[in-house]
Amino acid sequence: MAGKMISTEAAQRMNLVAQDEIWRYRLKAESEARKNWAQNWGFLTTPFEELVQGEEPHTPKPKIELPEHFRIRPVTPMEKYIKVLPSPPVPQTTQGFIGWRSAVPGLNKCLEHDRAIRSCKGAYARSLGWPKQGIH
């Protein structure tokens, strides 16, 4: 005969001795942590000036002139590569919003080139001289 299942609240109420043991263990651990805190973490209360008192100040490293091929080039403005033309009038319906900007022939020059899909994979395959049938 299976016994009736009891809730966790009822189980906690019935096991008061175990709860008391757990509470005593927590209090003991907390008091030990309080006693050992200064030994383990007391360095955090030391002022910074006192910690760096005996150290020598660091001398700055000399600047080395980099060769031309290591230098970072200045940032090129985006307008040089990306040209955003004015948009056509906003559609009257929500259905018209889907692709409304790319549907205008003059605005989608960046999206289509010779009606072939451009991808890095295809460009890499062409540079290797692979046939188009071998590109997946």
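First, a word on scope: everything that follows refers to the structure included in this document. (Residues numbered from 1 in each chain as written. Predicted model: local features only at pLDDT ≥ 70, side-chain atom pairs only at ≥ 80, totals over all residues. Heavy atoms only, no water.)

Let us now look at the overall build of the protein chain. Scanning the protein chain for helices and strands turns up 4 helices and 0 strands. Order of helices (α) and strands (β) in the protein chain, N terminus to C terminus: α-α-α-α. (Helix = DSSP H or I, 4+ residues; strand = E, 2+ residues; numbered from the N terminus.)

So, about the packing of aromatic side chains. For the structure shown, the criterion picks out 1 aromatic pair. Judged by centre distance (6.1 Å) and plane angle (35°), the rings of W41 and F43 are tilted. (Phe/Tyr/Trp six-rings, centres within 6.5 Å; stacked < 30°, edge-to-face > 60°.)

A separate point is helix α2 (residues 16-41). Every α-helix carries 3.6 residues per turn, so stepping three or four residues along brings you back to the same face. For α2, built from 26 residues, the straight-helix expectation of 38 Å at 1.5 Å per residue is met to within 8% by its first-to-last C-alpha distance of 36 Å. In the structure, α2 departs most strongly from a straight axis at K35, where the bend amounts to approximately 40°. (Expected span 1.5 Å × (residues − 1). Bend = angle between axes of the 7 residues up to and from the residue.)

It is worth spelling out the pattern of salt bridges at this point. Note that side chains of opposite charge can pair when their charged atoms are close. Taken as a whole, this structure holds 3 salt bridges when the rule is applied. Here D20 and R24 are joined by a salt bridge, their closest N and O atoms 3.1 Å apart. In this pair, D20 and R24 both sit in helix α2, 4 residues apart, roughly one turn of the helix. Judged by relative accessible area, which is 33%, D20 ranks as partly exposed. Judged by relative accessible area, R24 falls into the exposed class, the value being 52%. A salt bridge links E68 to R71; its shortest N-O distance comes to 2.8 Å. Residue classification places E68 among the exposed residues on the basis of a relative accessible area of 59%. Counted as one network, the salt bridges with shared partners bring together E65, E68 and R71. (Salt bridge = Lys/Arg side-chain N within 4 Å of Asp/Glu carboxyl O. Buried < 20%, exposed > 50% of the residue type's maximum accessible area, 1.4 Å probe, protein only.)

Together, W37, W41, F43 and L44 give the surface a local cluster of nonpolar side chains, amounting to about 470 Å² of exposed area. Checked against the element boundaries, W37 lands in helix α2. Residue classification places W37 among the partly exposed residues on the basis of a relative accessible area of 41%. (Patch = residues over 30% accessible without salt bridge, like charges linked within 9 Å, V, L, I, M, F, W, Y side chains within 5 Å. Areas by Shrake-Rupley, 256 points an atom, 1.4 Å probe, with all protein chains shown as cover.)

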